[in-house]
Each structure stands twice: as structure tokens, then as C-alpha cells.
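Each chain, written out:
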Amino acid sequence: MPAILCHCGERVSYGSIPNSAEWLIVSDVDFDALTDPATDTVPTEDLFNQMKHALLCPHCGRLWVYWNGFAADPQPYSPEPQGTSRPHPKESPHA
Ligand SMILES: [Zn+2]
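What counts, and at which threshold
- Residues numbered from 1 in each chain as written.
- Predicted model: local features only at pLDDT ≥ 70, side-chain atom pairs only at ≥ 80, totals over all residues.
- Helix = DSSP H or I, 4+ residues; strand = E, 2+ residues; numbered from the N terminus.
- Rg over C-alpha atoms; globule rule 2.2 N^0.38 Å.
- Buried ≥ 20, exposed ≤ 12 C-beta atoms within 10 Å, placed from the backbone.
- Contact = placed C-beta atoms within 7 Å.
- Pairing = 2+ DSSP bridges.
- Axes fitted to C-alpha atoms, helices over the stretch in contact; angles between N-to-C directions.

Q: Describe the overall build of the protein chain, listing the residues and the values that go with them.
A: Scanning the protein chain for helices and strands turns up two helices and six strands. Counting helices and strands in the order they occur from the N terminus, the protein chain gives β-β-β-α-α-β-β-β. Relative to its length of 95 residues, the protein chain is extended, with a C-alpha radius of gyration of 17 Å against a globular reference of 12 Å. With the C-alpha coordinates aligned to their principal axes, the bounding extent of the protein chain is approximately 45 × 40 × 20 Å. Taken across its 95 residues, the protein chain has 5% of its residues classed as buried. By sequence separation, contacts in the protein chain at least 24 residues apart represent 41% of the contacts at least 6 residues apart.

Q: Let's hear about unusual backbone geometry: which residues, and what values?
A: Residue P18 is reached from I17 by a cis peptide bond, and omega for that bond is -10°. By the secondary structure assignment, P18 is in the loop between β2 (11-13) and β3 (22-25). With a phi angle near 55°, D40 is a residue other than glycine that sits in the positive phi range. When you line up the elements, D40 lands in the loop between α1 (28-34) and α2 (44-50). Among the residues examined, D40 registers 7 C-beta atoms within 10 Å and is labelled exposed.

Q: Can you tell me about the sheet that holds β3, naming the residues and giving the values?
A: Within the open sheet, the four strands sit side by side as β3-β4-β5-β6. Their pairing is antiparallel. Edge positions in the sheet fall to β3 and β6 (75-77), since each of these pairs with one other strand and no more. Averaged over all pairs of adjacent strands, the angle between their axes in this sheet comes to 30°, without regard to strand direction. Examined bridge by bridge, strand β5 (residues 63-66) and β6 share three bridges and lie antiparallel to one another. What sits directly across from W64, in β6, is P76.

Q: Hey, could you go over the environment of G69 for me, with residue numbers and the actual values?
A: Structurally, G69 is set in the loop between β5 and β6. Judged by local crowding, G69 falls into the exposed class, with 9 C-beta atoms found within 10 Å. Residues G69 and A54, 15 residues apart in the sequence, show an inter-C-alpha distance of 9.9 Å.

Q: Outline the environment of V65, listing residues and values.
A: Take V65: it is sitting in strand β5. Separated by 29 residues in the primary sequence, V65 and D36 place their C-alpha atoms 27 Å from one another.

Q: Outline the environment of F48, listing residues and values.
A: Looking at the element boundaries, F48 is found in helix α2. The class of F48 is exposed, set by 11 C-beta atoms lying within 10 Å. In this structure the C-alpha to C-alpha distance between F48 and S13, which are 35 residues apart in sequence, comes to 20 Å.

Written out as C-alpha cells, the structure is:
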């Protein structure tokens, strides 16, 4: 079964369907482009084809995003410690 070895040492499998470690991501722009304005729905197959796949390491919380499909290496993203992840408030350019 295909898997990646996370930087923390955890082996994260992506071979099973459905997969509890796998998440699917779609941009808001792409989602909007797929939406049928007459019915306000998105065809499931089209949506699935547009989505990027990501694996969430159950041990460290690192997210591995396959931005360019499974043939290319995934991009890892590490969570920051709790309490440090709040984004800075937006500053108005007119303030
Ligand atoms: Zn990990």
C-alpha cells in the first residue's frame, strides 16, 4: 500500500479508499467555476477531478499537499504551536 514517511517518523498510507488520513482541497475560484448557476450545485465528478489531495499525519499534524498530483513530491506544512496560529488582524490602508 503506498505511503509516505512523515518527517516525524510516522508512516502515512494513502492507498485505501476512503482514507481517514486523506483530505481533499479545492480553491474557492475553482469551486465557483464548477457551480451550475441554474441549480447552484456542483457535479461531484467534476469537483473531485478539480481537488488537490492532502495527507494529514495523525501523529504530528503535518499536512502533505499534492499540489501537482501524486506523481510529484507533496509539499509539507507544519502546524504552529497552539496560541501562535492566530493571524494578524488586517490593517486598513486608510487607517
Ligand atoms: Zn508526522
